[in-house]
Amino acid sequence: MNFFRSFFSTSTAAMSEASKQKVQQLINDNAVVVFSKSYCPYCSQTKSTLRSFDAKAEVLELDNLEDGSDLQAALQAITGQRTVPNIFIAKKHIGGNSDLQALASDGNLKTMLQDAGAL
């Protein structure tokens, strides 16, 4: 019994580390990354706002990915935020939709997107 416990806990730990590495690589490789779910209205609003700026963004629909749950758990470990959308601009964690909308309202979003090379 202990053999099976150690096998599965090691696999889970390894999977968790691999998911963290995948998330971090996506953040590092893209000016804008949105971790989203296809049915989420807040995610839709975030994507719409980014489109209104013609921003180049990498969008991952976690509910459509085989490892989506693992990536969401990795995001929680990295950022402390489990909810979507989970947004990064220029490797900086922005937060969620309300955070993005606040940046858009105060005029800082366009500057951030320009600085990140996403426009």
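Bear in mind that the values here come from a model prediction, so they are computed numbers and not experimental data. (Residues numbered from 1 in each chain as written. Predicted model: local features only at pLDDT ≥ 70, side-chain atom pairs only at ≥ 80, totals over all residues. Heavy atoms only, no water.)

J.: Just to check I follow, could you spell out the pattern of salt bridges for this structure?
T.: Where charged atoms of side chains with opposite charge meet at close range, the side chains can pair. Under the defined criterion, the tally for this structure stands at 2 salt bridges. A salt bridge links Lys22 to Asp67; the nearest nitrogen and oxygen atoms lie 2.8 Å apart. Taken together, the residues Lys22 in helix α1 (residues 2–29) and Asp67 in the loop between β2 (58–61) and α3 (68–79) connect sequence positions 45 residues apart. The partner of Glu61 in a salt bridge is Lys47, with the nearest N and O atoms 2.6 Å apart. Taken together, the positions of Glu61 in strand β2 and Lys47 in helix α2 (residues 41–52) put the pair 14 residues apart, joining distant regions of the chain. For Lys47, a relative accessible area of 14% puts it in the buried group. (Salt bridge = Lys/Arg side-chain N within 4 Å of Asp/Glu carboxyl O. Helix = DSSP H or I, 4+ residues; strand = E, 2+ residues; numbered from the N terminus. Buried < 20%, exposed > 50% of the residue type's maximum accessible area, 1.4 Å probe, protein only.)

J.: Help me understand the packing of α2 against helix α4 (residues 97–105) in this model?
T.: Two elements in contact, α2 and α4, have axes separated by 9 Å at closest approach and are oriented at 30°. When the axis of α2 is compared with that of α4, the two are roughly parallel. The hand of the α2/α4 crossing is left-handed. In this structure, α2 contributes Tyr42, Gln45, Thr46, Thr49 and Leu50 to the contact, and α4 contributes Asn97, Leu100, Gln101 and Ala104. Class assignment of the residues belonging to the contact of α2 with α4 gives a composition of 4 nonpolar, 5 polar and no charged. (Axes fitted to C-alpha atoms, helices over the stretch in contact; angles between N-to-C directions. Parallel < 35°, antiparallel > 145°, perpendicular 65-115°, else oblique. Left-handed = near helix turned anticlockwise from the far one by under 90°. Contact = heavy atoms within 4.5 Å. Nonpolar A, V, L, I, M, F, W, Y, C, P; charged D, E, K, R; others polar.)

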